[in-house]
Amino acid sequence: MDKDILKTINSQHLFPAQSDRHIFFGVDGKFIAHSLITIMSIIKHADDARYHFHLISSEISAIDTARLEKIFAGQSHGLTLHHIQDSLFSAFPTTELFTRATYYRFLAPLILPHADKLLYLDADMVCLNPLDELWQIAMPSEVIALVVGEIAALQAQLAENVGLRGKRYFNAGMMLIDVQKWNREQVSERAFNLLSEKGKQFQYLDQDALNTLLEDRVIFTEARFNTINMLSHDDNGYTQDVPHNTCLLHYAGADKPWQQWNQQHVGHYYRDLYQISPLADDPFEAPKNAQQAKRMYKYLFRSHQRLSALYWRIKYFKMRYF
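How each quantity is defined
- Residues numbered from 1 in each chain as written.
- Predicted model: local features only at pLDDT ≥ 70, side-chain atom pairs only at ≥ 80, totals over all residues.
- Heavy atoms only, no water.
- Salt bridge = Lys/Arg side-chain N within 4 Å of Asp/Glu carboxyl O.
- Helix = DSSP H or I, 4+ residues; strand = E, 2+ residues; numbered from the N terminus.
- Buried < 20%, exposed > 50% of the residue type's maximum accessible area, 1.4 Å probe, protein only.
- Pairing = 2+ DSSP bridges.
- Axes fitted to C-alpha atoms, helices over the stretch in contact; angles between N-to-C directions.
- Polar contact = N/O pair within 3.5 Å; in protein donor to acceptor, adjacent residues only side chain to side chain.
- Contact = heavy atoms within 4.5 Å.

Peer 1: Hey, could you run me through the pattern of salt bridges in this one?
Peer 2: Close approach of charged atoms allows side chains of opposite charge to pair. According to the stated counting rule, one finds 13 salt bridges in the structure shown. With a shortest N-O distance of 3.5 Å, Arg105 and Asp122 are connected by a salt bridge. Of this pair, Arg105 sits in the loop between strand 4 (78–83) and helix 3 (108–111) while Asp122 is found in the loop between strand 5 (117–121) and strand 6 (125–127), placing the two residues 17 residues apart along the sequence. For the pair shown, Arg105 and Asp122 are each scored as buried. Each of Arg105, Asp122 and Asp206 takes part in one network of salt bridges that share partners.

Peer 1: Looking at this structure, I do not really get the sheet that holds strand 6. What am I missing?
Peer 2: The strand order across the open sheet built from three strands is 6-11-10, with neighbouring strands paired in mixed fashion. Every interior strand has two partners, whereas the edge strands, strand 6 and strand 10 (227–230), have only one. For this sheet, the mean angle separating the axes of adjacent strands, direction not counted, is 25 degrees. As paired elements, strand 10 and strand 11 (residues 248–252) share four bridges and run parallel to each other. By the bridge assignment for strand 11, Met230 is matched with Ala252.

Peer 1: I keep staring at the side chain of Arg105 and nothing clicks. Help me out?
Peer 2: By relative accessible area, which is 5% here, Arg105 ends up buried. A distance of 2.9 Å separates a polar side-chain atom of Arg105 from the backbone oxygen of Thr102. Contacts of Arg105, omitting those with residues within four sequence positions, involve Tyr120, Asp122, Ala172, Gly173, Met175, Asp206 and Leu210.

Peer 1: Help me understand the pairing of strand 5 in this model?
Peer 2: Along any regular strand, the residues point their side chains to alternate faces of the sheet. Burial within strand 5 is extensive, with five of its five residues counted as buried. Side chains Lys117, Leu119 and Leu121 project from strand 5 onto one buried face, and the interleaved Leu118 and Tyr120 project onto a second face that is buried too. Pairing between strand 2 (residues 22–26) and strand 5: three bridges, direction parallel. Bridge assignment links Phe24 to a residue of strand 5, and that residue is Tyr120. Strand direction decides the pairing type here: strand 5 and strand 8 (residues 170–178), joined by five bridges, are antiparallel. When the sheet's bridge partners are listed, Tyr120 is paired in strand 8 with Met175.

Below, the structure is given as structure tokens:
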């Protein structure tokens, strides 16, 4: 991908801030709203820290901008929107779960080349404790990014799938990046080339590419900085919580707390913020396919809402067989 593409990015500085702590999100239209919740949670736990937030997207609407302005009004934190062309990354592979927006993280160090560090976050996270400690972790000279490992039971297989020498594989939903080292070693450009050549072979697309390129160049830090939670539909899933020192809770996987059929306890961290956010009047997502409808009716039976459960069971059979 030609670096001249950066010239086509329109950066809109909505709220200036004197801060060297930059936090980036790369989002499509669906996830812009959820990034607001992540931002709200970080601000809630910011204490004396001041952050400059950045959203990279091709789908930022006037409604999104108005909602962001409500969040940032009266705050000391900064906000910049980076509007990109809709066709960007159109040649790269996507899946039902991973849209083109998954590649936007590669733009962050290129957009802000003079920064010291930047934090890239997925937009399905909630901050539960101050982020300040992340910036205090020292990076040796050979280290390009600070990361957290994927779910322990999956790491060895994921590492083997992409041909890593070792057995450690990280989740790219949280990366504290040394911008100068990243750009000096042209990580983004090398990732673009790798994805053009082998992207269709990768299960986790950009994350597989990053693990391939950055093996032995990252620090694996504590899981509390990217506590991965796959919302499950069993007794444990509905009652479990995360450790009290969790910094970033990551709702990984297809099930999310903003879906009507997901009422697990750990989802309340998202839902509590949602109810006081500019999104509060918007309903949570209803099931759109048979698998989701099945989970919906099982949740409703579990919570003794039998008539509603029967309705969604009928919907499930219609979605599956007709």
